[in-house]
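# Reading the structure
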Amino acid sequence: METSGGIQASLSGRYATALFELARDTRSIDAVEASLGRVREALAQSDEFAALVASPVISRAAAAKAVAAAAEMIDVDDTTGKFLGVLADNRRLPQLPAIIRAFRDLAARHRGETTAEVTSAHPLSDDQVDALKQQLRTRIETDVSVDLSVDPALLGGLVVKIGSQMIDSSIRTRLNTLAHAMKG
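Quick look at the structure, then. (Residues numbered from 1 in each chain as written. Predicted model: local features only at pLDDT ≥ 70, side-chain atom pairs only at ≥ 80, totals over all residues. Heavy atoms only, no water.)

Take a positive patch on the surface next. On the surface, a cluster of positive charge is made up of R14, R60, R91 and R92. You can see R92 is positioned in the loop between α6 (78-89) and α7 (96-110). R92 gets classed as partly exposed once you look at its relative accessible area, which sits at 32%. (Patch = residues over 30% accessible without salt bridge, like charges linked within 9 Å, V, L, I, M, F, W, Y side chains within 5 Å. Areas by Shrake-Rupley, 256 points an atom, 1.4 Å probe, with all protein chains shown as cover. Salt bridge = Lys/Arg side-chain N within 4 Å of Asp/Glu carboxyl O. Lys, Arg positive; Asp, Glu negative; His and termini not counted. Charge placed at Lys NZ, Arg CZ, Asp CG, Glu CD. Helix = DSSP H or I, 4+ residues; strand = E, 2+ residues; numbered from the N terminus. Buried < 20%, exposed > 50% of the residue type's maximum accessible area, 1.4 Å probe, protein only.)

Structure, rendered in C-alpha cells:
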C-alpha cells in the first residue's frame, strides 16, 4: 500500500504509518483501529488519562506503567498495547491524538474510503450516522468513514471536514454570521 507523503511527513504520521504497516502485515487493521477508537474515547472521557498523555514531565517508567494499566482497562489488542508502550518509552504520548487520526485515515484509504471528521453538538444516533454517510457518499462519490466528536459549543448542526474542505452548518456559526451582518 502506498501511503500519502503528507501523512509520513509529520512525526505522528510516521508513527501511525509504522503502526498501520504492522497491523496490515499481521492482518489486524480492524482490531487496532477498534482499540485506537477506545483509546480516543478514554482520552475524551478521562481528564486523568488525557493529562497523562499530554504531560511532558512524567517519567518514562511512570508513563509506561500508567499507559499499560490504562490499555488493559480499556481492553486494547496486544499490538496497540505494545505501541502505546513504545510511545511512552519514546516520550511521544502527546502525539497520540494525531497518531490516532492519521491511523484512521490510513485505514480508511486502505478500504477505499474517505474519512470525514464530523463534529456535532450532541452525540449522533446510528441512524443519523448512516444517513450522514449516505449523503456524503452521494456528494463526494466514494465510500466515507466518519470520525465523530461532540462539541456542545456548536449549539446544533454539524461541522464536517473532508480533507481541506469544510462544511459548517452549526448554529453557532449561523448566529455569529447574523450578529456580524447586524453590526453592518
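Before going further, it helps to examine the side chain of E113. Locating E113 in the fold gives a position in strand β1 (residues 113-120). Among the polar contacts made by the side chain of E113, one reaches the side chain of R111 at a distance of 3.3 Å. Not counting residues up to four positions away in its chain, the partners in contact with E113 are A108, D143, V144 and S145. (Polar contact = N/O pair within 3.5 Å; in protein donor to acceptor, adjacent residues only side chain to side chain. Contact = heavy atoms within 4.5 Å.)

Turning to the pairing of β1, a few remarks are in order. Where β1 meets strand β2 (residues 143-150), eight bridges bridge the pair, whose relative direction is parallel. Paired with T115 across the two strands is S145, which belongs to β2. The handedness of the β1 to β2 crossover, carried by helix α8 (residues 126-140), is right-handed. Where β1 lies against strand β3 (residues 158-162), four bridges are found, and the strand directions are antiparallel. By the bridge assignment, S120 is partnered in β3 with L158. (Pairing = 2+ DSSP bridges. Right-handed = clockwise from strand over helix to strand, strands pointing away.)

At a minimum axis distance of 8 Å, the contact between helix α2 (residues 11-25) and helix α3 (residues 29-45) shows a crossing angle of 135°. When the axis of α2 is compared with that of α3, the two are oblique. Of α3, the residues touching α2 (which contributes L19, F20, A23 and R24) are I29, V32 and L36. Among the residues forming the contact of α2 with α3, the class breakdown is six nonpolar, no polar and one charged. (Axes fitted to C-alpha atoms, helices over the stretch in contact; angles between N-to-C directions. Parallel < 35°, antiparallel > 145°, perpendicular 65-115°, else oblique. Nonpolar A, V, L, I, M, F, W, Y, C, P; charged D, E, K, R; others polar.)

Running from N to C, α2 and α7 cross one another at 45°; their axes reach a closest spacing of 8 Å. Taken together, the axis directions place α2 and α7 in an arrangement best described as oblique. Of the two elements, α2 crosses α7, and the hand of that crossing is right-handed. From α2, S12, G13, Y15, A16, T17, L19, F20, A23 and R24 reach across to α7, where they touch A98, I99, A102, F103, L106, A107 and H110. The residue makeup of the contact of α2 with α7, split by class, is eleven nonpolar, four polar and one charged. (Left-handed = near helix turned anticlockwise from the far one by under 90°.)

Taken by themselves, the reported measurements are silent on function.
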